[in-house]
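# Coordinates in review
For reference, the chains in residue letters:
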Amino acid sequence: MKRSLPTSGNFRVTSPVDATNLNDGVALPNGVILPWIGFGTYGLGKDKSYDSTLKALQAGYRCIDTAFIYAGEKTELQVGAAIQDAVESKVLKRREDVFLITKHW
């Protein structure tokens, strides 16, 4: 099954200075629009990462930044659960409507 990536819909190509909402971003060479602003999960830890990520998605963030080192594998699992619940509760239409950025230590 081929997944479609966010090249349009709620995403809009702008310059950084013209960005006015959380869905404004830069067009990547493959046509995907990456939002200029993302929600960072650094320092949230296991206890706050789920609720904070879900609230960020409800507020309109469509780019979530995390990393294994932020709190071990626990933070990334909580972020993933928040994204899944956001899809199931229709905060997100589909998983492909949010960018998840992570780093490997």
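Computed from a predicted model, the values in this text were never measured in an experiment.

For the rest of this paragraph, the subject is the sheet that holds strand E5 (residues 63-65). Taken together, three strands build an open sheet; the order of strands is E4-E5-E6 and the sheet is parallel. Pairing within the sheet leaves two strands with one partner each, and these edge strands are strand E4 (39-40) and strand E6 (99-101). As paired elements, E5 and E6 share three bridges and run parallel to each other. Along E6, the bridge assignment pairs Cys63 with Phe99.

For the rest of this paragraph, the subject is unusual backbone geometry. Residues other than glycine seldom take positive phi values, yet Lys90 does so here, at roughly 70 degrees. Relative to the assigned elements, Lys90 resides in the loop between helix H2 (73-88) and E6.

It is worth spelling out the sheet that holds strand E3 (residues 33-35) at this point. Read from one edge to the other, the open sheet built from three strands follows the order E1-E2-E3, with strand pairing classed as mixed. Each having just a single partner strand, strand E1 (12-13) and E3 make up the two edges of the open sheet. Bridge count for E1 against strand E2 (residues 24-27) is two bridges, and the pairing is parallel. Within E2, the residue paired with Arg12 across the bridge is Asp24.

About the thresholds
- Residues numbered from 1 in each chain as written.
- Predicted model: local features only at pLDDT ≥ 70, side-chain atom pairs only at ≥ 80, totals over all residues.
- Heavy atoms only, no water.
- Pairing = 2+ DSSP bridges.
- Helix = DSSP H or I, 4+ residues; strand = E, 2+ residues; numbered from the N terminus.

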